[in-house]
Each structure stands twice: as C-alpha cells, then as structure tokens.
Amino acid sequence: MLKVRDITVQRGTKPVLHDISLSLTPGATLAVVGESGAGKSTLLAAILGLTTCSIGEITWDDAPVRSCRPALVMQEPRSAFNPVLSLRHSVLEPIVARKAALDQGRLNRLCAGLELSPNLLARRPGEVSIGQAQRVGILRALIARPPLVLFDEPLSALDAVTQKHTARLIADLQDEEGFAALIVTHDLGYAAAHADEIAVLRAGRIEESGAARDCILAPKTAYGRTLRDAAFALGSLERVA
Amino acid sequence: MTTVLFGLVLRAAVVLLGTALVTFALLWHAPGDPALAIALARYQVVVPDAVRDQVRAEAGFDAGFWTAFSAWLGPILTGDFGQSSVTGRDVWPDLLVAISHTAPLALAGLAIGLLISVPLALLATRNPGGLLDRGAVALASIGAAVPQYWLGLLLILLFAEHLSWLPAMGARTSMHMVLPALTLGLAVSASLTRILRSGIQEARGRPFLPAFRRRGVSGSALERDHVARHAAVPVITVFGLELAFLLEGAVMVEIIFARPGLGSFLVSAIEARDFPKVQAVVIVSVALFVTVNLMIDVLYRLIDPRIGEPHA
Amino acid sequence: MRSVGVLAAIFIALALLGPSIAPHDPTAINIPARLSPPSATWWLGTDALGRDILSRLLHGARWSLGLAFIVSVIGLCMGTLAGLVAALGGKYADWIVMRATDTFLSFPDLVAAVVIAGVLGAGTGSLIFALCVTGWMRYARVARGIGLSLRSRGYVVQARLAGLSPLSIARWHYLPALLPSLTVVWTGMFARAILGISALGFLGFGVQPPTPEWGTMLLDARIHMRSTPLQMIWPGLAVVTCVLAINLVGDALRDALAH
C-alpha cells in the first residue's frame, strides 16, 4: 500500500508542497482535487520519483515507491507517445524495459476491456482519435501489471460523452486488475462518482480529506464547500439526497 | 546585472585557461624530438647529442607536464611570451611587428567588405523577395562557396598578370595592399551581406512597428530607434563572428601574396618547431576572440537585458 | 528541391565513380607532354609532370569530397555525444561540456587546423584530427538544445518511468528528434570540411603529393601560373561547385524543416 508521510517538496527555495500525508490501499481509488497551481502535478512527480522530497518519504509496502514501478496516465495523450513510433511499440515499452515476455492473451484482453481493436496499435499516434489515444495510454500504463497507477487529469482532453465512458472503463479495469489508483483531477463530479476517498489540495497543503461521500455531502472546510458548490453550479456534480 | 556580468567575465577566464591548456598540451605531445628540430633550425647543422640535450633542458622539455605548464603560464599572464627557441630573441616584439602588418590588412579588408555588403543589404531589403533581394542572396551563397585562396589567385591572374594594373607579391608599396585587401573584402562581404540582410529584415518585420506607426511615430525616428536597435543585435554578432573569419582570411591572404605578417610568422614558426612563437600566436588570437565575444555578450545585456544566450 | 537533390546525387556519383570514369592514370608522369593545353586526349590539359588534369580532378574527388564526408561524420558523432552528455548528464556534466565547447570554439578554425596539422606532421591522419577537433562544437550545441527540450517531453518521461535503459531511450526517442536538425548542421560542416581540406592542401599541410587533391593541385598550378593560367581554374571550380551544391541542399533542408 502507498504511504506518503509528511512530505515537503521544494522548487528552489520555495516549498511547493507542505506536510502532505496520504495513504492508498490496493484496489482503492484516491482522488486528489484542487485548482490549478495547487501542487497536484508536483505531488504526482514526487510519487513517481521524478522529484525528490526535501522532507519525508514515500513508500509502497515500506519500500521506496519507485520499486513498485508505478505507471502514469498523462493528461495530454498526444504528447505521451513518440510520434514516429507505432502505438504498439510504445505500449510494449514497459515490457521491453523489464525484459519480460509479452503475454499476448493479456494484451488482447486489455484491448477488449478498453474497446480498442488490435490493429489500432499498428498505427501512429497522429492517426487515431484523442479518445483512442488516451485509452492506448491506459493500456500502456496497465500492461506490465503495476500495483499503483497514477492518473493526471485523465479525462480533461476528452469530450463530455467520451469522458464518462472512459471513466467507466478505467473503473471496470480496476476491479479486474486490482491496482491502486490515484487520480488527480479538478473535476469534483468525477471524483464523487469514482473515488473511494478524496483529498482536497490547496496551495500545497491538504485542506481536507476523507471518504468521498463525506467530502461531498458534508465538507469540513469552507474551501471544500466552495469547491462543491462550484461543481454543483457547473452541473458536473449532481445533487444526491 | 553585475552578477550577470561577473559571470560572463568568469566564464571567459575559464575558457582562456582552457585554451592555454589545450595549446600547451598539443605542442607537448608533438611527435618527433622538438629539441632536435630546434637545434637544427638554430645551428643549421645536425648537432651531436650533447648539444641537443642542452637545447632540451633550456627549452624546459625535461620537466613534467604540469610543472612546465605553470612555468609557461605564469610569465604569459604578465605578457612575457618567452624567447624564440630558434633565434633566442623575445617573442613578443616580433609578434607585435607581425601584428602591425596584419592589422591594417584586416581592417582594409573589413572596410571593403562593409562597402560592398552594407549598401547591398540595404538595397536588397527595400524590396524583400524582389529581384535585387534574390540576387543578393544568390551572390552571397556563391561567395560563401568560393575558397579564399582561389579568389586571391584569380585576382592575381587578372589584375597582376593579365592586366598588369596592380602588383601582386610582397608588401613594398601601399599599392601592394590593394589586391590582398580586395580578396579579403570580397570574401567577407558574402557572409556580411547575408547576416546584415536577415538582421535588417527581421527588425523591419517586427510586430510592434505597425503599432508605433499608428501612434504617429515618424518614419525616420522609427528606423533609428527601433529598427536600428533590433538590427544592432545580429550586426554585433556579425562583427564577433567575422573577426574570426577576418583573422584567418588575413593569414591565408598573406601567405598567398607573400606578405609579412602573422601568416608567415606562424607558418615559419611551425616549420621550425619554434613552439614559443606558435603558442604566442595561438594564445594571442584566442585571447582576442574571447575578449571580443565577451564584449559582445556584455553589449547584448546592456542593449536588451531580456535577451538570453545570443549564440545560435 | 528536386533539382538540388539531383545535384547532390551527381556529386555523390562523382566521388564514388570518379576513378572509374577517369580516362587516364592520375599519377602517370609524362614529361614530354607537360603543361599542354586542353586537347582531345587531355580534356583539361596536363600539369607540370604531364599528368592528365581531368583524371586527377576525378580521382581527387575521393579525397576532397570523401575525406570531407568522413571528417564531418566523425564530427557529427563526437558532437552529438557531447551534446547528449551535456543534456542528460546533470549540471556538472553540462557545465564541463559547455566550457569545453566554448574553449574549442575560441580557436580560429584555420589557424588551429594549421597548427595541429603542422605540429603533428603533415598528412591525412593529422588533417582528419585537426578538422574533427575544430568541428564538433556546433553539433554539440544543437544536440544539447534539443536534448534539453526533449527531457520533459511526455513520451520521454514515460520511457524513463518504464525503466527503459538510457541507451534505448537515446536510440528510440532522442535520435529521431535530433536527426533533422543535425542533418542540417551536417551539410554546413560537410561544406566547411571540403573548404578546410583543400585550404590545408593548398598550404601544404594536408594531403601529400602525389595524391591528387584539389587543394594541392591548386598549389601546383600556382607555380605555373604564368605559363598555364588555365590550370588554376579547374580545381577551384570543382571546390566551388561542390560547396555550393551542398550549401543549397542544406538551405533546402532547413527550409523544409521549418514547415
């Protein structure tokens, strides 16, 4: 399980994240919600090991988090793939890097689960739609069976209809594969629909966190309430009795 | 701002040190026995071993690399380039004499180059894409492909041999400088034209110009303050880059036209294995470059503090 | 663009086929026929030792063009490696490589090449060394610039996360992005190498006689400038045409890249 213990991450001399603590168990989904600039991407970078924490540590099963080889689904699918290589090449990179053998059956199953036809993978990133590209991104993230998958605004590049659909595909795959999911999003509606827990990030600190239902129905902080009300107003969150 | 400038100066100093090291290392590892070559050049006969060893000890080849390097570097910092291994005379005065021959030639070449390229660039940019513009670009491209020594030879052939209008070899009279300077100027004008042209064009096409015009800033003031200032950036770069070109061109031209100067100074020093002289030439030319580049960097920052690295 | 490609193809063909289509042996000395003007037997005439100039030109292509090609490719490899080390190796590696680049850039091209070739002894080996040592820097700057911008590109981050080896990352993700810009730089350096080799040959520091090289041919021709001025035209013309063609290809490439 993922444990983020009191980390502080600095850029130069300025702290970007203060005293962040989180935990995440396998099979569960944690949504990190916040405005732009709150530090969500930095948090992801820290968990992935791309940025070092000046204070605190991040572990998976008490080992440094990098040892579990967490995967990342990026916000913008087009830049997540090398434009000159076939999608298949990129998808298989995690397998190739681990010098493991390709389980063709698994690949086919995942493709089916993501509603991707196998010959789609022979194409280049520029030759498929954004929705398809994002699903291939998810495919790549899952192919090597990582216990932890991070999602950086996985739906924001997609149109509304595709968003709901893709979110459901992710949730179904999570039930099948059993990975822990940490989803960074500014969409409270998405968090409410699919997350077990929500953490609200603001200016580098966690304003509040807890079970998703509680965060929506009864936010503990004023900021939490502001976010929720904004989401209601925009219609991304439906009032639940 | 002062920290930035200080950083630039520090960088230049490091680079100078590096070049000194590289120069010294190269000559240190030269094949053959330099002592032998020096002795030969000095005494004009094949010398017995004892004499050769004496030459070696005198020239400092016996000491280790770093000792010799610091022993050499120290005096250089105070302007003492040591003595010629061959003639025993101080290097610096002879080097200065050589420079005094090369500098006027280089300046004359630059002047001719500017005389050709500035009007050409201005005319070309008056009507971008027009006949004159494309002609200028074509000329510049051809000019960049012509080897300087060939150009010099052709000019000698035409003006000295065929037409007998101008003298070719040597530096006896001031007329002797015409052909060499012309060669140099023509060669330099090719790249000068290209850079000036694109610099002026870029400055003319700046997005803020229409805005200024609408506000009534007059044409000539516009040219002067804004076009000139933005064109100054690439123009200043040009001078820095062309300096290298000029120096090499002058060396080459001197050799072709059999003129005294840095060219013959360098070549004869190399052939005689006179390392102090070779090192002196290299160090001085490198120091010139680094200093000029430093001044250019500083000038950039002063003209427009927003500009970052001016190098391509 | 097409005409430029045709030009380039012609030169490559010349360099490769030159020796086979040359009518005479370039080293065959024929004193009685020395310094003859162009004729049916010797299309461009003969030089001071009676050797056919056309044949020497064609054989010389191998040296002036072929050697330049080798030199520019070696420079490409050295410079790209240095640039990538600077971009990927961390702050210290970057600083060292950048200072080294600045240092070598401070040496005037020709002077440095003359000194190196002169000190190490004239000949092909020192010629290659001299031109490579003075020619890798531009590649390094370009490679470093592109390398730095690529580091944070999405797919490069993904490759690093996947645990792909640095070598594989360089091969699959950096090289394809570097190749277009590096090729443009390479054309410029190829032209520079041609000019450099013939310049050093003309000064006597380069390829040694009797090997036909365009620069050394000019050196020979210069001695006989009064009697056979025509001899000076051909080698120079060869250099100009080749360099011009390569520069045109380079410009076309650069324009194509910008779109």
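Calculation rules
- Residues numbered from 1 in each chain as written.
- Chains lettered and ligands numbered in written order.
- Predicted model: local features only at pLDDT ≥ 70, side-chain atom pairs only at ≥ 80, totals over all residues.
- Helix = DSSP H or I, 4+ residues; strand = E, 2+ residues; numbered from the N terminus.
- Contact = placed C-beta atoms within 7 Å.
- Rg over C-alpha atoms; globule rule 2.2 N^0.38 Å.
- Buried ≥ 20, exposed ≤ 12 C-beta atoms within 10 Å, placed from the backbone.
- Pairing = 2+ DSSP bridges.
- Axes fitted to C-alpha atoms, helices over the stretch in contact; angles between N-to-C directions.
- Nonpolar A, V, L, I, M, F, W, Y, C, P; charged D, E, K, R; others polar.
- Core = buried A, V, L, I, M, F, W, Y, C linked by C-beta atoms within 7 Å.
- Left-handed = near helix turned anticlockwise from the far one by under 90°.
- Expected span 1.5 Å × (residues − 1).
- Bend = angle between axes of the 7 residues up to and from the residue.
- Parallel < 35°, antiparallel > 145°, perpendicular 65-115°, else oblique.
- pLDDT = per-residue confidence, 0-100.

*Asks:* Account for the overall build of chain B, naming residues and giving values.
*Replies:* Looking only at helices and strands, chain B has twelve helices and zero strands in total. Listing each helix as α and each strand as β along chain B from the N terminus yields α-α-α-α-α-α-α-α-α-α-α-α. Across chain B, every contact between residues at least 6 apart in sequence was considered, and the portion connecting residues at least 24 apart equals 72%.

*Asks:* Can you break down the overall build of chain A residue by residue, with the values?
*Replies:* For chain A, the count of helices and strands is nine helices and ten strands. Here chain A has a C-alpha radius of gyration of 18 Å; the compact-globule value for 241 residues is 18 Å, and the two agree. Residue burial in chain A is summarised as follows: out of 241 residues, 42% are buried. Pairs at least 24 apart in sequence give 67% of the contacts found in chain A among residues at least 6 apart.

*Asks:* Just give me the short version of the sheet that holds strand β3 (residues 29–33) of chain A, but keep the residues and values in it.
*Replies:* Hydrogen bonds along the backbone pair up the strands of a sheet, which may run parallel or antiparallel. Residues and elements named next belong to chain A. If you walk across this open sheet you meet the six strands as β6-β7-β8-β3-β9-β10, and the pairing is mixed. Of all strands in the sheet, those with a lone pairing partner are β6 (71–73) and β10 (205–211), marking the two edges. Taken over all neighbouring pairs, the strand axes of this sheet differ in orientation by 20 degrees on average, direction set aside. Of the pairings in the sheet, the one linking β3 to strand β8 (residues 180–185) comprises five bridges and is parallel in character. Looking at β8, one finds that T29 is bridged to A181. Across the sheet, helix α5 (residues 130–142) touches β6 and β7 (148–152), and the angle it forms with β6 is around 175 degrees.

*Asks:* Give me the pairing of strand β2 (residues 14–24) of chain A: which residues, what numbers.
*Replies:* Residues and elements named next belong to chain A. Bridge count between strand β1 (residues 2–11) and β2: seven bridges; the pairing is antiparallel. In the strand pairing of β2, Q10 is matched with P15. The turn linking β1 back onto β2 is made up of two residues, and G12 within it adopts a positive phi angle of 70 degrees.

*Asks:* Outline the interface of chain C and chain A, supporting the account with residue identities and numerical values.
*Replies:* Counting residues at the interface gives twelve residues for chain C and 17 residues for chain A. Taken together, the elements giving at least two residues each to the side of chain C that touches chain A come down to α7 (154–162) and α8 (166–203) of chain C. It is α7(C) that contributes the most residues to the side of chain C that touches chain A, six residues altogether. Here the side of chain C that touches chain A is composed, by residue class, of seven nonpolar, four polar and one charged.

*Asks:* So what's going on with the pairing of strand β9 (residues 197–202) of chain A? Which residues, and what values?
*Replies:* Residues and elements named next belong to chain A. Of all six residues making up β9, five are buried, and the element is well covered by its neighbours. Examined bridge by bridge, β3 and β9 share four bridges and lie parallel to one another. Across the sheet, the residue bridging to A31 is I198, located in β9. As defined by bridge partners, β9 adjoins β10 across six bridges and the pair is classed as antiparallel. Across the sheet, the residue bridging to V200 is E208, located in β10. The antiparallel hairpin formed by β9 and β10 contains two residues in its connecting segment, where A203 sits at a positive phi of about 50 degrees.

*Asks:* Lay out the sheet that holds strand β4 (residues 55–60) of chain A in plain terms, naming residues and giving numbers.
*Replies:* Residues and elements named next belong to chain A. Ordered in space as β2-β1-β4-β5, the four strands form an open sheet in which the pairing is antiparallel. In this open sheet, the two edge strands, each paired with only one partner strand, are β2 and β5 (63–64). Where β1 and β4 come together, five bridges link them in antiparallel fashion. In the sheet register, L2 faces β4, and the bridge partner there is W60.

*Asks:* Account for the nonpolar core, naming residues and giving values.
*Replies:* The biggest cluster of nonpolar side chains holds 214 residues, and the ones touching the most others in it are A:V149, B:L266, C:V114 and C:I194. In terms of residue count, the dominant contributor to this core is α8(C) (19 residues). Other than its neighbours up to four places away in sequence, A:V149 contacts A:P70, A:A71, A:V73, A:A141, A:L142, A:F179 and A:A181.

*Asks:* Outline the packing of helix α2 (residues 53–88) of chain C against helix α3 (residues 91–105) of chain C, supporting the account with residue identities and numerical values.
*Replies:* Residue and element names in this part refer to chain C. Axis separation between α2 and α3 bottoms out at 6 Å; the angle between their running directions is 145 degrees. Remark: the crossing between α2 and α3 carries left-handed chirality. Packed against α2, whose contacting residues are A82, V85 and A86, the element α3 presents A93, D94, V97 and M98 at the interface. Residue composition of the contact of α2 with α3, by class: six nonpolar, no polar and one charged.

*Asks:* Go over the interface of chain C and chain B with me, naming the residues and quoting the values.
*Replies:* The interface of chain C with chain B comprises 33 residues on the first partner and 34 residues on the second. Put simply, the parts of the chain that give the side of chain C that touches chain B at least two residues each are α3, α4 (109–119), α8, α9 (214–223) and α10 (233–257) of chain C. A breakdown of the residues in the side of chain C that touches chain B according to their chemical character gives 21 nonpolar, seven polar and five charged.

*Asks:* Just give me the short version of α2(C), but keep the residues and values in it.
*Replies:* Across its 36 residues, α2(C) extends 51 Å between first and last C-alpha, which sits within 8% of the 52 Å expected from 1.5 Å per residue. Of all the bends in α2(C), the greatest, near 35 degrees, is centred on C:G60.

*Asks:* Can you break down unusual backbone geometry residue by residue, with the values?
*Replies:* Positive phi is not limited to glycine here, since A:K99 has a value of about 55 degrees. With respect to the helices and strands, the residue A:K99 is situated in the loop between α3 (93–97) and α4 (104–113).

*Asks:* Would you mind going over the environment of A:A80 in detail, with residue names and values included?
*Replies:* Mapped onto the secondary structure, A:A80 falls in the loop between β6 and α2 (87–91). For the pair formed by A:A80 and A:R205, sequence separation is 125 residues and the distance between their alpha carbons is 28 Å. In this structure, A:A80 is in contact with A:M74, A:G137, C:G154, C:Y155 and C:Q158, ignoring residues within four places of it in sequence.

*Asks:* Quick one: what's the story with the environment of C:M98, residue by residue and with numbers?
*Replies:* All names here are of chain C. Tracing the sequence through the fold places M98 in helix α3. For M98, a count of 17 C-beta atoms within 10 Å gives the class partly exposed. In this structure, the C-alpha to C-alpha distance between M98 and R141, residues 43 residues apart in sequence, is 8.1 Å.

*Asks:* Mind laying out the packing of helix α6 (residues 137–151) of chain C against α8(C), listing which residues take part and the relevant values?
*Replies:* Geometry of a packed helix pair, given as the angle between the helix axes and the separation of the axes. Residue and element names in this part refer to chain C. Contact pair α6 / α8: the axes reach a minimum separation of 10 Å and the direction vectors enclose 160 degrees. In terms of orientation, α6 lies roughly antiparallel with respect to α8. You can see that α6 and α8 cross each other, and the crossing is right-handed. Between α6 and α8, the contacting residues are R138, Y139, V142, A143, I146, G147 and L150 on the first element and Y174, A177, L178, S181, L182, V185 and M189 on the second.

*Asks:* I'd love a proper account of the environment of A:L217, names of residues and values included.
*Replies:* The topology assignment puts A:L217 in helix α8 (residues 212–217). Sequence separation between A:L217 and A:I20 is 197 residues; the distance between their C-alpha atoms is 24 Å.

*Asks:* How would you summarise the confidence of the model for chain B if you had to cite specific residues and measurements?
*Replies:* All names here are of chain B. Confidence in the prediction for chain B averages 76 pLDDT; 75% of positions are at 70 or higher. For chain B, helix α9 (residues 208–214) is the element with the lowest average pLDDT, namely 55, and helix α5 (residues 91–126) is the one with the highest, namely 86. Note that pLDDT drops below 50 for residues 308–312; the model gives that stretch three contacts with residues more than four away or on any other chain. Interface scoring of the predicted complex returns ipTM 0.87; its pTM is 0.80.

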